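Results of the structural survey
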Amino acid sequence: MTDITIFHNPACGTSRNTLALIRNSGAEPEIVEYLKTPPGKDRLRALVAAMGITVRDLLRQKGTPYEELGLGDPKWSDEQLLDFMVAHPILMNRPIVVTPLGTRLCRPSEQVLDILPSPQQGSFTKEDGERVIDEHGRRVG
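What counts and how
Residues numbered from 1 in each chain as written. Predicted model: local features only at pLDDT ≥ 70, side-chain atom pairs only at ≥ 80, totals over all residues. Heavy atoms only, no water. Buried < 20%, exposed > 50% of the residue type's maximum accessible area, 1.4 Å probe, protein only. Helix = DSSP H or I, 4+ residues; strand = E, 2+ residues; numbered from the N terminus. Pairing = 2+ DSSP bridges. Right-handed = clockwise from strand over helix to strand, strands pointing away. Core = buried A, V, L, I, M, F, W, Y, C linked by side-chain atoms within 4.5 Å. Contact = heavy atoms within 4.5 Å. Expected span 1.5 Å × (residues − 1). Axes fitted to C-alpha atoms, helices over the stretch in contact; angles between N-to-C directions. Parallel < 35°, antiparallel > 145°, perpendicular 65-115°, else oblique. Left-handed = near helix turned anticlockwise from the far one by under 90°. Nonpolar A, V, L, I, M, F, W, Y, C, P; charged D, E, K, R; others polar. Salt bridge = Lys/Arg side-chain N within 4 Å of Asp/Glu carboxyl O.

Looking now at the pairing of strand E1 (residues 5-8). Judged by which residues are buried, E1 turns out to be covered on both faces: Thr5 and Phe7 on one side and Ile6 and His8 on the other are all buried. Pairing of E1 with strand E2 (residues 30-33) involves four bridges; the strand directions are parallel. Within E2, the position partnered with Thr5 by the bridge is Glu30. Handedness of the crossover joining E1 and E2 through helix H1 (residues 13-24) is recorded here as right-handed. By the bridge criterion, three bridges tie E1 to strand E3 (residues 96-99) in an arrangement that is antiparallel. When the bridges of E3 are listed, Thr5 appears paired with Val98.

Structure follows, in structure tokens:
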């Protein structure tokens, strides 16, 4: 049983890199493919609170119906925005990672390093070729 959960979209490079960084720490997380198994409104509200962000901060604009739904309009309340995310899970920004050390929207993917309970076990290079972890498991840059 794992104590790490990732709300993951396998089509997203940032999400794939984040999952790989979790695995590079020796952990195998619970993977929630949120487009197939969306979190309910209560869970979304709890994730937003745990991350200390606003509901609007969790909204994804690119590649979503954000514009068509007019979600940039300040008339929408947090509760209404959560309803939109429940109805259209693609509106939820990703990946979100929950660990015993915290909950974070991991954009960029290296954000996950701050909340992983175990250190990196080896080198890691992101899909785009950016080296993030050296051969000693230390952060580069």
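The discussion continues.
Next up on the list: the nonpolar core. Leu58, Leu71, Met85, Met92 and Ile96 are the most contacted members of the largest nonpolar core, which totals 21 residues. Of all the elements in the fold, those that place two or more residues in this core are helix H2 (41-51), helix H3 (55-58) and helix H4 (78-87). Sequence-distant contacts of Met85, that is, excluding residues within four places in its chain, are made with Leu44, Val55, Leu58, Leu59, Leu91 and Met92. Ile4, Leu19, Val97 and Leu116 belong to the second largest nonpolar core, which has 15 residues in total.

On to H1, then. A turn of α-helix holds 3.6 residues, and therefore any two residues three or four places apart point the same way. With twelve residues, H1 should reach 16 Å at 1.5 Å per residue; the first-to-last C-alpha distance of 16 Å fits that figure. Buried within H1 are the following residues: Ser15, Asn17, Thr18, Leu19, Leu21, Ile22 and Asn24. Among the structural elements, E1, E2, E3, strand E5 (124-125) and strand E6 (131-133) are those in contact with the buried residues of H1. Immediately downstream of H1, the backbone of Gly26 shows phi near 95°, a positive value.

A word on the packing of H2 against H4. The packing of two helices is summarised by the inter-axis angle and the distance between the axes. Where H2 contacts H4, the two axes come as close as 9 Å, and the packing angle between them is 120°. One element, H2, and the other, H4, form an angle in the oblique class. Pair H2 / H4 crosses with right-handed handedness. Seen from H2, the contacting residues are Lys41, Leu44 and Arg45; seen from H4, they are Glu79, Leu82, Asp83, Met85 and Val86. Residues belonging to the contact of H2 with H4 are distributed by class as follows: four nonpolar, no polar and four charged.

It is worth spelling out the pattern of salt bridges at this point. Inspection of the entire model under this criterion finds 13 salt bridges. Across the salt bridge formed by Lys41 and Glu79, the nearest N and O atoms sit 3.1 Å from each other. Here the residue Lys41 occupies a position in helix H2, and Glu79 occupies one in helix H4, the gap between them amounting to 38 residues. A relative accessible area of 24% places Lys41 in the partly exposed class. Notably, a salt bridge pairs Asp114 with Arg104, separated by 3.1 Å at the nearest N-O pair. On the criterion of sequence distance, the pair formed by Asp114 in the loop between strand E4 (102-105) and E5 and Arg104 in strand E4 is long-range, its members being ten residues apart. Since its relative accessible area comes to 46%, Asp114 is described here as partly exposed. In this structure Arg104 comes out as partly exposed when scored by relative accessible area, which is 25%.

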